Amino acid sequence: LGEIRSGEFAREWIGEDEFAVLSLAGPAPGADILRSALELPLRIAGFDIHPTLSIGAVQALGGEEAPEAAELLRRAEIAVESAKSGGRGGAAAYGRSLESDGLSRLALEGDLRGAIGRGELTPFYQPIVRLSTGALSGFEALVRWRHPRRGLLMPDQFLPLCEEMGLMSELGAMMMHEAAAQLATWRTNHRASGELTVAVNLSTGEIDRPDLVSDVTEILKRTGLPPGALKLEVTEGDVMRDPDGAAVILRALRKAGAALALDDFGTGFSSLSYLTRLPFDTLKIDRYFVRTMATNEGSAKIVSSVVKLGQDLSLEVVAEGVENAGMARQLLSLGCDYGQGFGYAPALSPQEAEVYLNECYVDGAAPVKARG
Ligand code: C2E
Ligand code: CA
Ligand code: CA
């Protein structure tokens, strides 16, 4: 107990928005009692805030062994995470099964620390093709975590944690370096790969990163990639948060030699007048519209308007989530030039991507917009 109360120990183990309650009266006090004490509305700056409480319970004594204090807190934390994963305001009791719930946030957090430095996070590459010919036009780099014990993890399993741990700019820089170096190698080693591009995703807030522009300049210089070969994908939401600020940075990035794609287009609330003032090269139609365009007239209309918009503004249009030939045909009939999706290939390991590159026809006629 003394150990738990000591400030150092508690600071390390109990988060700022967490409370540890030790019940000496047999079973833990009922969730209702805790809730009535802690879920009282607070009035802050004129707004009523309604806190919710997630409860993780762990039995301290009475089991076959009596765990150390630190172990108790660790188990409580796992129980809380489990409670949270069921939505806000849940409750869960610790049990062995939670330990084996492989993707417990707590377990991953330790593994993620240093994982970028150890090279465990790496880009996979999804082909982007010209719909009319199936020719390869470029790749989108998508991060994967080659976890030493858990195998290949997908972004939704660890990106939120990266964000929480403040690792997004390190991740972004790594992805940009790796993808650009890979593209440069492919461009030198493969016949007719001269027009190939690679697109890297920028995370929320990354366009505000102070050294982003100098990073891009440095990468292009070191890899010898020409302007437009490295593409940066920014989501609509990120741009629209501060369109004027974003415009300044986007122009600087383009001046440095990066091409720019507006990702997940159609899901945000872009003002079209802004779009004409932002220096994008590419619009990416969100896969929701592609998935639903066959059955939903509204989606089909949105796809064709985006294509029209792209043509009017001389932007390339890439459709995401092209899962079958029917979708590809409909997109073509709506005038869309490029697509990516499981119908062509999922994101491939560098080795698989190289095989794909060797076996396919590389699009030599990708329109390159006049720069400036
Ligand atoms: P996104 O940028 O929209 O990437 C496209 C996602 O759609 C990828 O998921 C891709 O595997 C998936 N996809 C591709 N074709 C199809 C298809 O035909 N059908 C369906 N249902 N899905 C398809 P992934 O790799 O799981 O990435 C998810 C999201 O994670 C990405 O969405 C992106 O927002 C983020 N992300 C991935 N890698 C990075 C990265 O390196 N940095 C940052 N900041 N975000 C990344
Ligand atoms: Ca993307
Ligand atoms: Ca997207």
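Up top you'll find the structure we're talking about.
Sequence order as written defines the numbering, with residues in each chain counted from 1. Chain labels run from A onward and ligand labels from 1 onward, assigned in the order the entries are written. Per-residue local features of the predicted model are confined to residues with pLDDT of at least 70, and side-chain atom pairs are confined, for both listing and counting, to 80 or more; whole-chain, interface and lining totals are unaffected and use all residues. In computing side-chain properties, one takes all heavy atoms of the structure into account and sets aside hydrogens as well as water.

## Some remarks on the overall build of the chain
Thought 1: Helix and strand labels come from DSSP, where a helix needs a run of H or I of at least four residues and a strand needs a run of E of at least two; each type is numbered from the N terminus. For the chain, the helix and strand inventory stands at 16 helices and 13 strands.
Thought 2: Summary of the burial criterion: residues with accessible area below 20% of their type's maximum are buried, those above 50% are exposed, and those between are partly exposed, where the area comes from a 1.4 Å probe applied to protein chains only. Out of the 372 residues in the chain, the part that is buried amounts to 44%.
Thought 3: Contact criterion: two residues are considered in contact whenever any of their non-hydrogen atoms come within 4.5 Å of each other. Taking the intrachain contacts of the chain between residues at least 6 apart in sequence as the baseline, contacts between residues at least 24 apart amount to 67%.
Thought 4: For the area figures, the Shrake-Rupley method with a 1.4 Å probe applies, and any residue is considered shielded solely by the protein chains shown. For the chain, the accessible surface area stands at approximately 19,100 Å², while carbon and sulfur atoms represent 55% of it.

## As for the coordination of the calcium ion (ligand 3)
Thought 1: Note that water is not among the atoms used; donors are N, O and S atoms within 2.8 Å of the metal (3.2 Å for Na, K and Ca), so sites may look incomplete. At the metal site, the calcium ion (ligand 3) is ligated by Asp263 (OD), Asp264 (OD), Glu320 (OE) and Glu320 (OE), and these contacts range over 2.2 to 2.6 Å.
Thought 2: Along the chain, the residues donating to the calcium ion (ligand 3) fall in the pattern D-D-x55-E.
Thought 3: Here the calcium ion (ligand 2) and the calcium ion (ligand 3) are spaced 3.8 Å from one another, each receiving a donor from Asp263. Here Glu320 lies in the loop between strand E12 (316-319) and helix H15 (325-333) and Asp264 lies in strand E10 (residues 259-265), a separation of 56 residues in the sequence.
Thought 4: Looking at Asp264, the relative accessible area reads 24%, which means it is partly exposed.

## Topic: the packing of aromatic side chains
Thought 1: Paired rings are identified among Phe, Tyr and Trp, the last through its six-membered ring, by centres lying within 6.5 Å, and are further divided according to the angle between planes into stacked (under 30 degrees), edge-to-face (over 60) and tilted (the rest). By the definition in use, this model includes five aromatic pairs.
Thought 2: Their ring planes at 70° and their centres at 5.2 Å tell us that Tyr125 and Trp186 sit as a pair that is edge-to-face. With a gap of 61 residues between them, Tyr125 in strand E5 (residues 121-130) and Trp186 in helix H8 (residues 168-189) connect regions that are remote in the sequence.
Thought 3: Within the aromatic cluster, the residues linked to one another by ring pairs are Tyr125, Phe139 and Trp186.

## Section: the site of ligand 1
Thought 1: Put simply, a residue is near a molecule or strand once any heavy atom of it comes within 4 Å of that molecule or strand. The environment of ligand 1 is formed by 23 residues, the closest being Gln126, Arg144, Arg287, Glu323 and Phe342.
Thought 2: Contacts described as polar in this section are N or O atom pairs within 3.5 Å, which, within protein, must combine one atom able to donate a hydrogen with one able to accept it, while residues neighboring in sequence count only if both atoms come from side chains. Contact between ligand 1 and Glu140: an oxygen atom at 3.2 Å from a side-chain N or O atom of the residue.
Thought 3: Interatomic distance of 3.0 Å between a backbone N/O atom of Val143 and a nitrogen atom of ligand 1.
Thought 4: Alone, ligand 1 offers 800 Å² of accessible surface; in the complex the protein occludes 82% of this.

## Some remarks on the pairing of E12
Thought 1: The side-chain alternation of E12 yields two buried faces, one formed by Glu316 and Val318 and the other by Val317 and Ala319.
Thought 2: Two strands make a pair as long as DSSP finds a minimum of two bridges between them. Here E12 runs beside strand E13 (residues 338-339); their pairing, made up of two bridges, is parallel. For Ala319, the partnering residue across the bridge sits in E13 and is Gly339.
Thought 3: In this fold, E12 hands off to H15, which returns the chain to E13; that crossover is right-handed. Think of it like this: strands point away, you trace from the first strand over the helix to the second, and a clockwise trace means the crossover is right-handed.

## Digging into the coordination of the calcium ion (ligand 2)
Thought 1: Within the protein, the atoms that donate to the calcium ion (ligand 2) are Glu140 (OE), Asn201 (OD1), Glu233 (OE) and Asp263 (OD), at distances of 2.1 to 2.3 Å.
Thought 2: Positions of the donor residues of the calcium ion (ligand 2), expressed as sequence spacing, correspond to E-x60-N-x31-E-x29-D.

## Regarding the pattern of salt bridges
Thought 1: By convention in these notes, a salt bridge is any Lys or Arg side-chain nitrogen within 4 Å of a carboxyl oxygen on Asp or Glu. Counted under the stated rule, the structure contains 20 salt bridges.
Thought 2: Here Asp363 and Arg130 are joined by a salt bridge, their closest N and O atoms 3.0 Å apart. Here the residue Asp363 occupies a position in the segment after helix H16 (350-359), and Arg130 occupies one in strand E5, the gap between them amounting to 233 residues. Each member of the pair, Asp363 as well as Arg130, is classed as buried.

Read these as spatial facts, not as claims about activity.
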